[in-house]
Amino acid sequence: MIIRPSRYEDYEQLVELENLIWNDENTPLVIEWETAEEYAQHVPPGSLFVAIHEGRVAGYISVKNPTMLESNRHVWELAIGVHPDLGRRGTGSRLLAHIEEKGRMMNIRKICLRVLATNERAISFYEKNGYLHQGRLVEEFLIGGKYVDDCLMYKLL
């Protein structure tokens, strides 16, 4: 498996992956991408790191500063997605390790994330990779007629 910056030629597979993995159990807003061109307008090439396994996109990870404040530049917020057929094979952990190493090289102190409380599998994955709970936004979203908490997690580098 290799991890590298995303390229436009990855986008057909990234659109497939995005449309496959996101649902009401793991995101407050399901976005259905129609084309690679549409995806590229919102997610430019190079803005993600992709994991390539046997010539296919197995997953991706992206980071951004959560605010525009200079005093918050030491923090990254991450988003990650792994193909369900390749789950539990280390793809997600490798992507996290990759971004954490990049963060250390760029003097990032903290990586944080948000995960729906209904996504117990993801919460367990993050905990196994050293992420801690830092808070919970109670009944933050109304999804499918049910209130869902948003869990805040972090890891110090």
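Residues numbered from 1 in each chain as written. Predicted model: local features only at pLDDT ≥ 70, side-chain atom pairs only at ≥ 80, totals over all residues. Heavy atoms only, no water.

Quick rundown of the overall build of the protein chain? Include the residues and the values.
Looking only at helices and strands, one finds four helices and seven strands in the protein chain. Counting from the amino terminus, helix and strand elements in the protein chain follow one another as β-α-α-β-β-β-α-β-α-β-β. For a compact globule of 157 residues, the expected C-alpha radius of gyration is about 15 Å, and the protein chain comes in at 15 Å, within 12% of that figure. Taking the principal axes of its C-alpha atoms as reference, the protein chain extends roughly 40 × 40 × 30 Å. Out of the 157 residues belonging to the protein chain, those deemed buried represent 41%. Counting contacts in the protein chain only where the partners sit at least 6 residues apart, residues at least 24 apart contribute 62% of the total. When the accessible surface of the protein chain is split by element, carbon and sulfur atoms take 51% of a total near 9100 Å². Between the centroid of the 18 positive side chains of the protein chain and the centroid of its 23 negative side chains there is a distance of 9 Å. (Helix = DSSP H or I, 4+ residues; strand = E, 2+ residues; numbered from the N terminus. Rg over C-alpha atoms; globule rule 2.2 N^0.38 Å. Buried < 20%, exposed > 50% of the residue type's maximum accessible area, 1.4 Å probe, protein only. Contact = heavy atoms within 4.5 Å. Areas by Shrake-Rupley, 256 points an atom, 1.4 Å probe, with all protein chains shown as cover. Lys, Arg positive; Asp, Glu negative; His and termini not counted. Charge placed at Lys NZ, Arg CZ, Asp CG, Glu CD.)

Break down the environment of valine 57 for me, citing the residues and quoting the values.
The residue valine 57 is located in strand S3 (residues 56-64) in this model. With a relative accessible area of 7%, valine 57 lands in the buried category. Between the C-alpha atoms of valine 57 and valine 82, which are 25 residues apart in sequence, the distance is 8.8 Å. Among all residues touching valine 57, those that are not within four sequence positions of it are Asp10, Gln13, Leu14, Leu17, Val50, Ala51 and Ile52.

Talk me through the nonpolar core; I want residue IDs and the actual numbers.
The biggest cluster of nonpolar side chains holds 21 residues, and the ones touching the most others in it are Ile61, Leu78, Val115, Tyr126 and Tyr131. When residues of this core are traced back to their parent elements, those giving at least two are strand S2 (49-53), S3, strand S4 (75-82), helix H3 (91-105), strand S5 (110-116), helix H4 (120-128) and strand S7 (146-156). If sequence neighbours within four positions are ignored, tyrosine 131 has contacts with Leu78, Leu96, Glu100, Ile111, Leu113, Tyr126, Met153, Tyr154 and Lys155. Listed in part, the 15 residues of the second largest apolar core include Val15, Tyr39, Val43 and Val57. (Core = buried A, V, L, I, M, F, W, Y, C linked by side-chain atoms within 4.5 Å.)

Give me the lowdown on the state of the cysteines, citing residues and values where you can.
Throughout this description, disulfide means a covalent bond between two cysteine sulfur atoms. Tallied over the full model, the rule gives zero disulfides. Cysteine cysteine 112 remains unbridged, with the sulfur of cysteine 151 as its closest cysteine sulfur at 14 Å. For cysteine 151, a relative accessible area of 1% puts it in the buried group. (Disulfide = S-S within 2.5 Å.)

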